Amino acid sequence: MSIKKVFALIILFSLNFISIQAIEPDVFVQSTVNRASQILSENIPKKDKMDKLEIIAKETVDIRGIGFYSLGSARKALNENQKKKYSELFEKYFLKSFSSRLAEYTNPEIEVNNKEVLNKNYTIVNSLLLGTSERPEVQIDWRIYTKDPSNPLIRDLIIEGLSLARTQKEEFSSILNSNDGDISVLFKTLENFSKN
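Everything numeric in this text was worked out from a predicted model, so none of it was measured.

## A word on the packing of helix 4 (residues 63-71) against helix 6 (residues 164-178)
One can describe the packing of helix 4 onto helix 6 by two numbers: an axis separation of 7 Å at closest approach and a directional angle of 50°. The orientation of helix 4 with respect to helix 6, classified from their angle, is oblique. The interaxial crossing formed by helix 4 with helix 6 has right-handed handedness. On the side of helix 4, the interface is formed by Ile66, Tyr69, Ser70 and Leu71, while helix 6 contributes Ala165, Arg166, Gln168, Lys169, Phe172 and Leu176. Counted by class, the contact of helix 4 with helix 6 contains 6 nonpolar, 2 polar and 2 charged residues.

## Some remarks on the pattern of salt bridges
Counted according to the given criterion, the structure contains 8 salt bridges. For Glu59, the salt bridge identified is with Arg35, shortest N-O distance 2.6 Å. Of this pair, Glu59 sits in helix 3 (residues 46-60) while Arg35 sits in helix 2 (residues 25-40), and the two are 24 residues apart along the sequence. The partner of Glu80 in a salt bridge is Lys83, and the shortest N-O contact between them spans 3.7 Å. Here the residue Glu80 and the residue Lys83 both occupy positions in helix 5 (residues 80-102), the gap between them amounting to 3 residues, near one helical turn. You can call Lys83 partly exposed: its relative accessible area is 26%.

## Let's talk about the pairing of strand 2 (residues 122-129)
Of all 8 residues in strand 2, 8 are buried; the element is thus mostly enclosed. Inspection of the sheet shows strand 1 (residues 110-117) paired to strand 2 by 7 bridges, in the antiparallel sense. By the bridge assignment for strand 2, Val112 is matched with Ser127. As consecutive antiparallel partners, strand 1 and strand 2 are separated by 4 residues. As paired strands, strand 2 and strand 3 (residues 138-145) are joined by 8 bridges and run antiparallel to one another.

## Looking at the environment of Glu160
Turning to its location among the elements, Glu160 is positioned in the loop between strand 4 (153-159) and strand 5 (162-163). By relative accessible area, Glu160 is classed as exposed at 53%. Once the C-alpha coordinates of Glu160 and Asp141 are considered, the two residues, 19 residues apart in sequence, prove to be 8.1 Å apart. Among residues more than four places away in sequence, those in contact with Glu160 are Glu137, Val138 and Gln139. Within the local environment of Glu160, its side chain forms a polar contact with the backbone nitrogen of Gln139, the two atoms lying 2.7 Å apart.

## Looking at the side chain of Asp62
With respect to the helices and strands, the residue Asp62 is situated in the loop between helix 3 and helix 4. Overall, the relative accessible area of 12% leaves Asp62 in the buried class. A distance of 2.4 Å separates the side chain of Asp62 from the side chain of Arg155, its partner in a polar contact. Discounting chain neighbours no more than four positions away, the residues touching Asp62 are Tyr145, Leu153, Ile154 and Arg155.

## A look at helix 6
Here helix 6 contains 15 residues, and its C-alpha end-to-end distance of 21 Å stays within 8% of the 21 Å for a straight helix at 1.5 Å per residue. When we look at burial in helix 6, the residues that qualify are Ala165, Gln168, Phe172 and Leu176. All buried residues of helix 6 lie within an arc of 75° about the axis, which places them on one face of the element. Every exposed residue of helix 6 that faces more than 90 degrees away from the buried side is listed here: Glu170, Asn177 and Ser178. Each element contacted by the buried residues of helix 6 is listed here: helix 4, helix 5, strand 4, strand 5 and helix 7 (183-195). Taking the backbone nitrogen of Ala165 as reference, a side-chain oxygen 3.4 Å away marks Ser163 as the first, capping residue of helix 6. Just beyond helix 6, the residue with positive phi is Asp180, at close to 55°.

About the thresholds
- Residue numbering note: each chain is counted from 1, following its sequence as written.
- Reporting of local features is limited, given that this is a predicted model, to residues whose pLDDT is at least 70; pairs of side-chain atoms are given and counted only at 80 or more, and all residues count toward the totals for whole chains, interfaces and linings.
- The side-chain numbers reported here are obtained from all heavy atoms of the structure, hydrogens and water having been left aside.
- Angles here are taken between N-to-C directions and fall from 0 to 180 degrees, while the axes themselves are lines fitted to C-alpha atoms, restricted in helices to the stretch in contact.
- What counts as a helix is a DSSP run of H or I of at least four residues, what counts as a strand is a run of E of at least two, and both are numbered from the N terminus.
- What sets the label is the angle itself: under 35 degrees gives roughly parallel, over 145 gives roughly antiparallel, 65 to 115 gives roughly perpendicular, and the rest give oblique.
- Here a crossing is taken to be left-handed if its near helix is turned anticlockwise relative to the far helix by less than a right angle, and right-handed if that turn runs clockwise.
- For this analysis, residues touch if any pair of their heavy atoms sits within 4.5 Å.
- Gly is put with the polar residues, along with every residue not named as nonpolar or charged; the nonpolar set is Ala, Val, Leu, Ile, Met, Phe, Trp, Tyr, Cys and Pro, and the charged set is Asp, Glu, Lys and Arg.
- The salt bridge criterion pairs a side-chain nitrogen of Lys or Arg with a carboxyl oxygen of Asp or Glu, the two atoms within 4 Å.
- Here the term buried applies to any residue with accessible area under 20% of the maximum for its type, exposed to any over 50%, and partly exposed to those in between, with areas from a 1.4 Å probe on protein chains only.
- Here, strands pair whenever DSSP counts at least two bridges between them.
- Polar contacts, as used here, are pairs of N or O atoms within 3.5 Å; protein pairs need one atom able to donate a hydrogen and one able to accept it. Residues neighboring in sequence count only if both atoms are side-chain atoms.
- Here the expected span of a helix is defined as 1.5 Å times the quantity of residues minus one.
- The arc in question is the one spanned by the directions pointing from the helix axis to the C-beta atoms.

By themselves these figures say nothing about function.
In structure tokens form, the structure reads like this:
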């Protein structure tokens, strides 16, 4: 075997080894926070910040998982076409909601403090949004899905003890219960939010 082939194999092995390395959930959260903070500190229009934040969300959040969790038991009644449509509408809804809220902050400082491994699939990462003269400090816990250790994903944010995913699930349930379980009403609500 030539030196070139040996060298190529070493590089290939190294790249594969790096790509399958587990990413610690607390390191993943800190990295994600740092990326978002960098965007929020840029002197660019809000729309541009939102576009960049959406890219981060697509890479780091389990949007599909959160979407079906938010739908609760109603998801069992959906056919494949409805599931596909719901996933598309929920992603647009989630990305707009996430990016528009976050874009209001200017350079938030978040300290990642510790983590608690719940099981092989979930780890809770504790962090603190540091207070400023305009806002108090806020405790934020991140529920990280770690089934694939090389690709952790955010499944929920618990802000001062309040789960955002659970709150969203309750909102969707309320919409469906008020409309005799008509999924098209929820679809319309998500669609209208994304358009406005």
